[in-house]
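Coordinate inspection notes
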Amino acid sequence: MNRNIRTDLAIELRENYESDSAIEGVDIKTIINEDNSIKTTIIDVLDDNGVNKLGKPVGTYITIECTELNEYDEGIHEPLIKELASQIRTLIKDARSILVAGLGNRSVTPDSLGPLVVDNLMITRHLSIEYQTDNNLIISAICPGVMAQTGIETVEILKGICQNIEVDALIVIDALAARSSKRLNKTIQLTDTGISPGSGVGNNRKMITKDNMELPVVAIGVPTVISVPSLVDDSMDLIADAFNQKYGKEIMKEFTDEQRYDLACSLVEPELVDMFVTPKNIDELVKRISFTISEAINSII
């Protein structure tokens, strides 16, 4: 069958290899905060060797993991905001004027992350123009919708805006797809390589990158959906263990990730192979996480 494993996360692609093994052309650094509640993994794809191994373009991929990200806990959200803001500053470098684009469909809850982040942003461009305010960053924002609503590629809308206003960098925010259910709504990925809207769920849209936008592009995403075969793959070890308590899990270790995913696809009905699912309380989760992201951006203004 050889279907592609559906994930937008670089850290999950890195997990195709032994955790302690070096990957040619890829540099990895892990930082854990004092109380072990936030784990930040920085993956740098350095050259063509890294591209071939990881299947991601040359650039930096920062993954912030926190099991309490989707919980209502002010104690964890404050350090999360601080860590996220620090990584955003690193990626936008010395940019002065930022356009934030909230990608996705506001009417589809798992895909509404981007628009919800924009709703909570502190927009300052009009103030800086009218009142000559002195902010560290000048923020403008747009929710371009999806192609089914506009008939226009998102990259075309954003490029038109950036050509008509002074923008030093573009931040695009979108919902992602994960391979592991353990990362749903608990992981934030940042990258300076841009984004291909909807790629995790099989949509073929034009990429939004530094090359075609002609300015730095930082993509921020949170996995809100997972494919049905990935859910089956998540449970594969337990299923094998149930059938053979002595050797079940050992047998599954002999399979590659691609073989496991092909097996998972063969175990579900054909119409379920391309289906994606999301937690039942996704409306509450996406609102909470979008607020954390918007507060991180607001804190660097």
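The coordinates are above.
Residues numbered from 1 in each chain as written. Predicted model: local features only at pLDDT ≥ 70, side-chain atom pairs only at ≥ 80, totals over all residues. Heavy atoms only, no water.

1. Topic: the overall build of the chain
- Secondary structure summary: the chain contains 13 helices and nine strands in total.
- Over its C-alpha trace the chain gives a radius of gyration of 20 Å, about what one expects of a compact globule, namely 19 Å for 301 residues.
- Dimensions along the principal axes, computed over C-alpha positions, put the chain at roughly 70 × 45 × 40 Å.
- Counting over 301 residues, the chain shows a buried share of 50%.
- Of all intrachain contacts in the chain linking residues separated by at least 6 positions in sequence, the fraction that spans at least 24 positions is 74%.
- Accessible surface computed for the chain: about 15,200 Å², of which carbon and sulfur atoms make up 48%. (Helix = DSSP H or I, 4+ residues; strand = E, 2+ residues; numbered from the N terminus. Rg over C-alpha atoms; globule rule 2.2 N^0.38 Å. Buried < 20%, exposed > 50% of the residue type's maximum accessible area, 1.4 Å probe, protein only. Contact = heavy atoms within 4.5 Å. Areas by Shrake-Rupley, 256 points an atom, 1.4 Å probe, with all protein chains shown as cover.)

2. Here's the deal with helix H3 (residues 74–92)
- Taking 1.5 Å per residue, 19 residues should reach 27 Å; H3 reaches 27 Å between its end C-alpha atoms and fits that length.
- Every buried residue of H3 is accounted for by Ile-76, His-77, Leu-80, Ile-81, Leu-84, Ala-85, Gln-87, Ile-88, Leu-91 and Ile-92.
- In the stretch just after H3, Lys-93 is the one whose phi turns positive, near 55°. (Expected span 1.5 Å × (residues − 1).)

3. Considerations on the environment of Cys-162
- The residue Cys-162 is located in helix H7 (residues 154–162) in this model.
- On the accessibility criterion, Cys-162 (13% relative accessible area) is buried.
- Once residues lying within four places of it in the same chain are set aside, the contact partners of Cys-162 are Leu-99, Val-167, Met-213 and Leu-215.

4. Structural notes on the nonpolar core
- Grouped together as the largest cluster of nonpolar side chains are 39 residues, with contacts concentrated most on Ile-88 and Ile-293.
- With eight residues, H3 is the single largest residue contributor to this core.
- Aside from chain neighbours lying at most four places away, what touches Ile-88 is Ile-171, Leu-190, Ile-220, Ala-296, Ile-297 and Ile-300.
- With 30 residues, the next largest nonpolar core counts Tyr-61, Ala-101, Leu-184 and Ile-208 among its residues. (Core = buried A, V, L, I, M, F, W, Y, C linked by side-chain atoms within 4.5 Å.)

5. Side note on the pairing of strand E6 (residues 169–178)
- Across the ten residues of E6, ten count as buried, placing the element largely inside the fold.
- Where E6 and strand E8 (residues 217–227) come together, nine bridges link them in parallel fashion. Counterpart to Ile-171 in the pairing with E8 is Val-218. (Pairing = 2+ DSSP bridges.)

6. So, H7
- Turning to H7, its buried residues are Thr-154, Val-155, Ile-157, Leu-158 and Cys-162. The buried residues of H7 all sit within an arc of 160° when viewed along its axis, so they share a single face.
- For H7, the elements touching its buried residues are strand E4 (97–102), strand E5 (138–142), helix H6 (147–150), E6 and helix H8 (210–213). (Arc of directions from axis to C-beta.)

7. Some details on the pattern of salt bridges
- Enumeration according to the criterion identifies six salt bridges in this entry.
- For Glu-156, the salt bridge goes to Lys-206, with nearest N and O atoms at 3.7 Å. In this pair, Glu-156 is assigned in helix H7 and Lys-206 in the loop between strand E7 (187–191) and H8, connecting sequence segments 50 residues apart.
- What makes Glu-156 partly exposed here is its relative accessible area of 42%.
- With relative accessibility at 45%, the residue Lys-206 sits in the partly exposed group.
- Its salt-bridge partner being Arg-288, residue Glu-284 comes within 2.4 Å of it at the nearest N-O pair. Of this pair, Glu-284 and Arg-288 are both found in helix H13 (residues 282–298), four residues apart, which corresponds to roughly one turn of the helix.
- One network of salt bridges, with partners in common, ties together Glu-12, Glu-65 and Arg-183. (Salt bridge = Lys/Arg side-chain N within 4 Å of Asp/Glu carboxyl O.)

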